[in-house]
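Observations on chain architecture
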Amino acid sequence: MRKIGVIGDKDSILGFKALGLSIFPVIKPEEAADILDDLAQQSYAVVFITEQIAQNIQDTIDKYKNSVFPAVILIPNNRGTLGLGIQGIKESVEKAVGADILFGKEGR
C-alpha cells in the first residue's frame, strides 16, 4: 500500500498527523532533501512539501518531476503562500494543453 508524507516546519505540518499522514518536520533544507530521497525509495505515492522548504531544494524536487512516484506537491505553510505551488500547476497545465487556460495573460 502506498503512503502519503508531509515535509515542512513542525508548526505547519503537525495537523496532517491527525489525518493519518506521515509527517517529517525539518529545520534545514538539506534535511528535507535527504528525507525526500528516502521517501522516494520507500512506498510513498505522494509527498507534500511546504513551499518555504521546497524553494531551497528545487534540484532534489526536479529529480522526481517526471517520475510516477512520488508525486511531489507544494503546499503553503502556516504563514501563507509564496505562490510556488500554483506556479507549478500552471506550468504543468500549459505543458499538457499548450496554452495558459488558468490565468490567461494575467499570470497570477
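The preceding data block contains the structure.
Residues numbered from 1 in each chain as written. Predicted model: local features only at pLDDT ≥ 70, side-chain atom pairs only at ≥ 80, totals over all residues. Heavy atoms only, no water.

Glancing now at the packing of aromatic side chains. Applying the stated criterion across every chain, the model contains two aromatic pairs. Consider the rings of phenylalanine 16 and phenylalanine 48, whose centres lie 6.4 Å apart with planes at 20 degrees: the pair is stacked. Here phenylalanine 48 lies in strand β3 (residues 44–50) and phenylalanine 16 lies in helix α1 (residues 10–17), a separation of 32 residues in the sequence. Both rings, one in phenylalanine 24 and one in tyrosine 44, keep their centres 6.1 Å apart while their planes meet at 75 degrees; by these two values the pair is edge-to-face. Of the two residues, phenylalanine 24 sits in strand β2 (residues 22–25) while tyrosine 44 sits in strand β3, which places them 20 residues apart along the sequence. (Phe/Tyr/Trp six-rings, centres within 6.5 Å; stacked < 30°, edge-to-face > 60°. Helix = DSSP H or I, 4+ residues; strand = E, 2+ residues; numbered from the N terminus.)

Let us now look at helix α2 (residues 29–41). Taking 1.5 Å of rise per residue, the 13 residues of α2 would be expected to cover 18 Å, and the 19 Å separating its terminal C-alpha atoms lies within 8% of that figure. All of the buried residues in α2 are Pro29, Ala32, Ala33, Ile35, Leu36, Leu39 and Ala40. Along the axis of α2, the buried positions cluster into a sector of 165 degrees, meaning they face one direction only. In α2, the exposed positions that point more than 90 degrees away from the buried face belong to Glu30 and Gln41. Its buried side turned inward, α2 meets β1 (3–8), β2, β3, α3 (51–54), α4 (58–62) and β4 (71–75). (Expected span 1.5 Å × (residues − 1). Buried < 20%, exposed > 50% of the residue type's maximum accessible area, 1.4 Å probe, protein only. Arc of directions from axis to C-beta. Contact = heavy atoms within 4.5 Å.)

As a further point, take a negative patch on the surface. Among the surface-exposed residues, Glu30, Glu31, Asp34 and Asp38 lie close enough to one another that they form a single negatively charged patch. Of note, glutamate 31 is situated in helix α2. (Patch = residues over 30% accessible without salt bridge, like charges linked within 9 Å, V, L, I, M, F, W, Y side chains within 5 Å. Areas by Shrake-Rupley, 256 points an atom, 1.4 Å probe, with all protein chains shown as cover. Salt bridge = Lys/Arg side-chain N within 4 Å of Asp/Glu carboxyl O. Lys, Arg positive; Asp, Glu negative; His and termini not counted. Charge placed at Lys NZ, Arg CZ, Asp CG, Glu CD.)

Before going further, it helps to examine the environment of valine 47. By the element assignment, valine 47 lies in strand β3. Setting aside residues no more than four positions away along its own chain, valine 47 makes contact with Gly5, Ile7, Leu36, Leu39, Pro70, Ala71, Val72 and Ile73.

We now examine the sheet that holds β3. Reading across the sheet, the four strands line up as β2-β1-β3-β4 and stay open at both edges, with parallel pairing between neighbours. Each edge of the open sheet carries a strand with a single partner, namely β2 and β4. Taking the axes of each pair of neighbouring strands and ignoring which way they run, one obtains an average angle of 20 degrees across the sheet. Note that β1 and β2 share four bridges and pair parallel. Bridge pairing links glycine 5 to serine 22 in β2. (Pairing = 2+ DSSP bridges. Axes fitted to C-alpha atoms, helices over the stretch in contact; angles between N-to-C directions.)

Counting residues in hydrophobic clusters, the biggest one holds 16 residues, and the most contacted among them are Ile7, Leu36, Val47 and Ile49. Only α2, β3 and α3 provide two or more residues apiece to this core. Within the second largest apolar cluster, five residues are counted, among which are Val6, Ile13, Leu21 and Ile23. (Core = buried A, V, L, I, M, F, W, Y, C linked by side-chain atoms within 4.5 Å.)

With that out of the way, let us pick up the environment of phenylalanine 16. Taking relative accessible area as the criterion, phenylalanine 16 reaches 23% and is therefore assigned partly exposed. Excluding residues that lie within four positions of it along the chain, phenylalanine 16 makes contacts with Val6, Leu21, Ile23 and Ile75.

Moving on, we get to the pattern of salt bridges. Per the counting criterion, the structure on display carries one salt bridge. Here lysine 63 makes a salt bridge to aspartate 37, at a shortest N to O gap of 3.1 Å. Of this pair, lysine 63 sits in the loop between α4 and β4 while aspartate 37 sits in helix α2, placing them 26 residues apart in sequence.

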